[in-house]
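One-letter residues, chain by chain:
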Amino acid sequence: MADYTLKSFVADLDAITSTEIDPAAITAKAAPLLARLCRNPEAIPVEYRTAPVGQRGRYMLHRAPRFNVTSVIWRPGDEAGSHDHETWGLVGVVENEIQETRYTSSDARELGCTTALQVREVLRHKPGAVSALVPPHDQIHAMYNPTARNTVEIHVYGKDLAGLPRHVFDKDGHVKSLVSSKYVNC
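Keep in mind that this is a model prediction, so the values were computed, not measured. (Residues numbered from 1 in each chain as written. Predicted model: local features only at pLDDT ≥ 70, side-chain atom pairs only at ≥ 80, totals over all residues. Heavy atoms only, no water.)

(A) Here's a closer look at the overall build of the chain. Summing up its helical and strand segments, the chain has 2 helices and 11 strands in all. Scanning the chain from its N terminus toward the C terminus, one meets helices and strands in the order α-α-β-β-β-β-β-β-β-β-β-β-β. With 186 residues in all, the chain has 48% of them scored as buried. The long-range share in the chain, meaning contacts at least 24 apart out of those at least 6 apart in sequence, stands at 72%. Working note: accessible area of the chain is about 8700 Å², and carbon and sulfur atoms make up 53% of it. (Helix = DSSP H or I, 4+ residues; strand = E, 2+ residues; numbered from the N terminus. Buried < 20%, exposed > 50% of the residue type's maximum accessible area, 1.4 Å probe, protein only. Contact = heavy atoms within 4.5 Å. Areas by Shrake-Rupley, 256 points an atom, 1.4 Å probe, with all protein chains shown as cover.)

(B) Molecular detail of the side chain of T147. Mapped onto the fold, T147 is located in the loop between β8 (140-144) and β9 (151-157). Polar contacts involving the side chain of T147 include one to the side chain of N96, which spans 2.6 Å. A polar contact is formed between the side chain of T147 and the side chain of N145, at a distance of 2.7 Å. Apart from residues no more than four positions distant in its own chain, T147 is found in contact with P76, G77, N96, E97 and R124. (Polar contact = N/O pair within 3.5 Å; in protein donor to acceptor, adjacent residues only side chain to side chain.)

(C) Local environment of the packing of aromatic side chains. Per the stated rule, a full pass over the model turns up 1 aromatic pair. An angle of 40° between the planes, with centres 5.1 Å apart, marks the rings of Y48 and Y59 as tilted. Here Y59 lies in strand β1 (residues 57-63) and Y48 lies in the loop between α2 (23-38) and β1, a separation of 11 residues in the sequence. Of the residues examined, Y48 reaches a relative accessible area of 21% and is grouped as partly exposed. Accessibility expressed as a relative area gives 7% for Y59, which makes it buried. (Phe/Tyr/Trp six-rings, centres within 6.5 Å; stacked < 30°, edge-to-face > 60°.)

(D) Representation of the nonpolar core in the model. Judged by nonpolar contacts, the single largest core of 26 residues is most densely connected at F9, L13, L34, L37, V69, I154 and V156. Residue assignment for this core shows that the elements contributing at least two residues are α1 (6-19), α2, β1, β2 (68-74), β4 (89-95) and β9. In contact with V69, not counting residues within four places along its chain, are L6, F9, V10, Y59, M60, L61, H62, I154, H155 and V156. A80, V93, I98 and M143 belong to the second largest nonpolar core, which has 10 residues in total. (Core = buried A, V, L, I, M, F, W, Y, C linked by side-chain atoms within 4.5 Å.)

(E) Focus on α1. Counted at 1.5 Å a residue, the expected span for α1 with its 14 residues is 20 Å, and the 20 Å between its end C-alpha atoms agrees. What α1 keeps buried is the set L6, F9, V10, L13, I16 and T17. Viewed along the axis of α1, the buried residues span an arc of 125°, placing them on a single side of the element. Those residues of α1 that are exposed and aimed more than 90 degrees away from the buried face are K7 and T19. Among the structural elements, α2, β1, β2 and β9 are those in contact with the buried residues of α1. (Expected span 1.5 Å × (residues − 1). Arc of directions from axis to C-beta.)

Rendered as structure tokens:
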């Protein structure tokens, strides 16, 4: 069996999202495909598997109206505090491992307001693992690379996150800001 490629993954995800709109159904169908892609690190061009000097690497691999595919490189100690994406998402580990803290919340998310965040679970994802983010209440998480090596991931989101504001929470659950993702190559 030939290695699964980024091009194959994008075509398969395009087929899924052209007929399905339910976030839970999309992530359920796409997660095994992303796991398959993550088992082939060579599917990601080498220049998108390294972080630029002094920053986390974020590279757009595919940008379309229904979904984006990006590679994210977490350097040792890199972290992203609790945040949401306002859409469905999948995070797959290609190399090394990542720690993900998942939160639950039933409150509205408005800038300056407090949202009650409860830690649901803390997970340690190894290569090939895929985490699904399904809105509205199963999409808040924090990420951390506790290892001494770079971690390479593939992120897939149901919206174009480049320039899209998302909620970031402080340790007390306050919605402290709206941030936009920035990519090295777009």
